[in-house]
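# Coordinates in review
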Amino acid sequence: MASEIHMPVPVCLIANTQTRGLVVQQEALQVLSEITQPVVVVAITGLYRTGKSYLMNRLARQRKGFSLGSSVQSHTKGIWMWCLPHPCQPGHTLVLLDTEGLGDVEKGDTKNDTWIFVLTILLSSTLIYNSRGTIDQQAMDQLHYVVKLTEHVKLKAAPKKSEDEVEDSEKFVLFFPSFIWAVRDFTLQLKVAGKEISADEYLENALKLKAGSGPETQRYNQPRECIRQFFPDRKCFVFDQPASKRDLVRLEELEDDELDPEYQQQVEKFCSHVWEKSPPKTIPGGHIITGHLLGKLAVTYVEAIQSGAVPCLESAVLALAQVENAAAVKEAVTLYQDLMEQRAKLPTETVQELLELHTQCERETLELFMARAFKEDICSFQAELIRQVEAVKVKFCMDNKQASRNKCEAALRDLSQHMERRISEGVYSVSGGYQLFKGDQQALVEKYWELPGKGLQADAVLQEFLQSRKTLAKSILQTDLSLTEEDKELKSEQDQYERAEQEREVQRKKGAEDKQKLQGRLRSYKEHTLQLRKKLEHCCVRQLEEHQKMIRHKSKEGSALLKDGFCEKATQLRMVTYRLEEEYHYSRNNFMSWIGVMVPILLSLAFAILRL
């Protein structure tokens, strides 16, 4: 798409309707479909009327955009989207998602609040939770939606294979965004025991667990445990009140010098962090999500909710893979055709010349396909790529032959004009005419071979030309009175021998061409095998790195629990970590051997099907 995104105002991405529930809006999907850049998705959630929209407008570097309202009524309904050029990451698009306020009692039906919270998490790469006052038990209770995530999101479509298998929720960190808690109208001093602390330390203190096993303690600990488990990458920002209560009703109209100076600095620090640190949206395996794919994700998740199911992360990745891999095949085939058209100067002198060009273009085509494609079901799409590229290559080969034939036929028509005139004038119908005819024809052949750029059909077209003159030559031979019958018989045998030699030469060259084509197929097979192996190995390495990061988080969290005296919880987490480590070692030991065995088998099958 264009380097600049022109989206003057936000649009609704997911509407929260009374009759149809959550509905993805086509206008927003159209906007996303045109964004081929990686997207950094920053979403905000929290209670209604806590100033979420104002923060998002500041992230958009605008005073107005997302609706603020000036009363206690919630303005934002559903999930609204604003796509903008990223202020700090060239080549990326910043997608801001402003969500409907949670817990609005006036809207009556709050059943979709949890789903809106779930969708905000699943679609974003950075999640901002916005609250007011302090991070106390009331604030934690208001974040009760985080406790319901295990009931509203699943990792795999298939059920657990055994009791020893790790729970889905233990791997949510692979999909979940980084977490920022924004505390508005903060009323405390950042101090503990008289010592100043950072906002991040304030958050970590607020997330500390209580000892005990009673219902009250469990209620206290549960949201804290979920935040610690699901969001290892977390940060906190606190904000003073931006202006006097009287001016808050026109907050979006206030000039900077009318805002509290401390508040201004806090907002600038917050925006700088979000712009500079928020990562692009990715899915496990490190595949970066574009605007187009973000729209597909939204549709996939909402369709699951509408059907009464729970969004499945594995199914969503497979759905994206089908879309993106098909698009990767189409883009790669288009690139191959464009490269061949730009570089091929038809006709080529030899088959080898065209095949070498094909090899170069195919390599670049494969690199594009592998860079864009998901590893999920990649082999079947690579087989389709092989089929389509082969079809384009075959057409180029046919066009190459036709271009050569056209050029050779035109050359022979031009060169034979002199002989045609002599035939019509009866020059060869005299004593010694046959020898004269043969001399002129040999001169024609020599001039023909001197012409450059005839292409690989030069021999075949010449033989067809000479064959077409066979009857004429025989007629001239029979009427030549200077030759005895024995001479004519010898000349006829000599002509037949020469034609046979010429035909054998044509067949020899055809055999050499067939051999070159076979060698080209072998090169193609090796290139496909190499590229697929590299792709799968890269994806495996990324998955193992993500797995290691997850293990490090669990180990760090276990150590923190142990340090705070929660030995039983630390032991439970250590068992989870141990099973994750087992999975890691099993994957590491088996990934590469599986790739080594399966890649040649799958590609051999693809090439075998192609030959049928």
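Here the structure is a predicted model, which means the values were calculated and not measured.

Analysis parameters
- Residues numbered from 1 in each chain as written.
- Predicted model: local features only at pLDDT ≥ 70, side-chain atom pairs only at ≥ 80, totals over all residues.
- Heavy atoms only, no water.
- Core = buried A, V, L, I, M, F, W, Y, C linked by side-chain atoms within 4.5 Å.
- Buried < 20%, exposed > 50% of the residue type's maximum accessible area, 1.4 Å probe, protein only.
- Helix = DSSP H or I, 4+ residues; strand = E, 2+ residues; numbered from the N terminus.
- Contact = heavy atoms within 4.5 Å.
- Salt bridge = Lys/Arg side-chain N within 4 Å of Asp/Glu carboxyl O.
- pLDDT = per-residue confidence, 0-100.
- Axes fitted to C-alpha atoms, helices over the stretch in contact; angles between N-to-C directions.
- Parallel < 35°, antiparallel > 145°, perpendicular 65-115°, else oblique.
- Left-handed = near helix turned anticlockwise from the far one by under 90°.
- Nonpolar A, V, L, I, M, F, W, Y, C, P; charged D, E, K, R; others polar.
- Pairing = 2+ DSSP bridges.
- Phe/Tyr/Trp six-rings, centres within 6.5 Å; stacked < 30°, edge-to-face > 60°.

Core analysis: the biggest nonpolar cluster contains 102 residues, and Leu 59, Met 81, Leu 96, Val 146, Trp 181 and Phe 270 have the highest contact counts within it. If you tally residues by element for this core, the top one is helix H3 (residues 113-123), at eight residues. With sequence-adjacent residues up to four places away left out, Val 146 is seen in contact with Phe 117, Pro 223, Cys 226, Ile 227, Phe 230 and Phe 231. Formed by 25 residues, the second largest nonpolar core is a distinct cluster that contains Val 329, Leu 354, Met 370 and Phe 396.

A cis geometry characterises the amide bond from Leu 346 onward to Pro 347, with omega recorded as 0 degrees. For Pro 347, the position within the fold is in the loop between helix H11 (313-343) and helix H12 (351-372). In this model, Arg 61 sits at a positive phi of 60 degrees, which is unusual for a non-glycine residue. On the secondary structure map, Arg 61 appears in the loop between helix H2 (52-59) and strand E4 (79-85). Positive phi is not limited to glycine here, since Asp 185 has a value of about 50 degrees.

Let's shift gears to the pattern of salt bridges. A pair can form between side chains of opposite charge whenever their charged atoms are brought close. What the rule picks out here adds up to 25 salt bridges. In this structure, Asp 141 engages Arg 219 in a salt bridge whose closest nitrogen and oxygen atoms are separated by 2.9 Å. Of this pair, Asp 141 sits in helix H4 (residues 137-142) while Arg 219 sits in helix H7 (residues 215-230), and the two are 78 residues apart along the sequence. Between Arg 469 and Glu 420 there is a salt bridge, with the nearest N and O atoms lying 2.2 Å from each other. Note that Arg 469 is positioned in the loop between helix H16 (458-468) and helix H17 (470-479) and Glu 420 in helix H14 (residues 417-424), a separation of 49 residues in sequence. It is possible to trace a salt-bridge network through shared partners that takes in Asp 141, Glu 216 and Arg 219.

Here the chain shows a mean pLDDT of 86. Residues at 70 or above account for 89%. Within the chain, strand E10 (residues 234-238) carries the highest mean pLDDT (96), whereas helix H8 (residues 245-248) carries the lowest (64).

Relative to the helices and strands, Gln 548 is located in helix H18 (residues 485-563). Since its relative accessible area comes to 32%, Gln 548 is described here as partly exposed. Spatially, the C-alpha atoms of Gln 548 and Leu 580 are 8.9 Å apart, while their sequence positions differ by 32 residues.

Where H3 contacts helix H10 (residues 291-306), the two axes come as close as 11 Å, and the packing angle between them is 150 degrees. Relative to H10, H3 is oriented roughly antiparallel. As H3 packs across H10, the resulting crossing turns out to be right-handed. Contacts from Trp 115, Leu 119, Leu 122 and Leu 123 of H3 reach H10 at Leu 294, Leu 297, Ala 298, Tyr 301, Val 302 and Ile 305. Grouping the constituent residues of the contact of H3 with H10 by class yields ten nonpolar, no polar and no charged.

Mapped onto the elements, Gln 543 comes out in helix H18. A relative accessible area of 26% places Gln 543 in the partly exposed class. Once you skip the residues sitting within four places of it in the chain, Gln 543 turns out to touch Gly 285 and Lys 375.

Time to look at the sheet that holds E4. What the eight strands build is an open sheet, ordered E2-E1-E4-E5-E3-E6-E7-E10; its pairing is mixed. Only two strands of the sheet have a single neighbouring strand rather than two, namely strand E2 (21-24) and E10. Shown here is a sheet whose adjacent strand axes are inclined to one another by a mean of 20 degrees, direction ignored. Here strand E1 (residues 11-17) runs beside E4; their pairing, made up of three bridges, is antiparallel. Paired with Ile 14 across the strands is Ile 79, a residue of E4. Here helix H9 (residues 261-277) sits on the sheet and contacts strand E3 (39-46), strand E5 (93-99), strand E6 (126-132), strand E7 (178-184) and E10; the angle it forms with E10, its principal contact strand, is near 160 degrees.

Turning next to the pairing of E3. With eight of its eight residues buried, E3 lies for the most part within the structure. The two faces of E3 match: Val 39, Val 41, Ala 43 and Thr 45 on one face and Val 40, Val 42, Ile 44 and Gly 46 on the other face are all buried. With six bridges joining them, E3 and E5 adopt parallel strand pairing. The residue of E5 that forms the bridge with Val 39 is Thr 93.

The next thing to look at is the packing of aromatic side chains. Tallied over the entire structure, the rule returns 16 aromatic pairs. Considering the side-chain rings of Phe 237 and Phe 270, the 5.5 Å spacing of their centres and the 85 degrees angle between planes classify their relative orientation as edge-to-face. Linking Phe 237 in strand E10 with Phe 270 in helix H9, this pair joins segments that are 33 residues apart in sequence. For the pair Phe 237 and Phe 270, one class covers both residues: buried. Judged by centre distance (5.4 Å) and plane angle (70 degrees), the ring pair of Tyr 448 and Trp 449 falls under edge-to-face. By relative accessible area, Trp 449 is classed as partly exposed at 38%. Every member of this aromatic cluster is reached through a ring pair, and the members are Tyr 129, Phe 172, Phe 176, Phe 179, Trp 181, Phe 230 and Phe 231.

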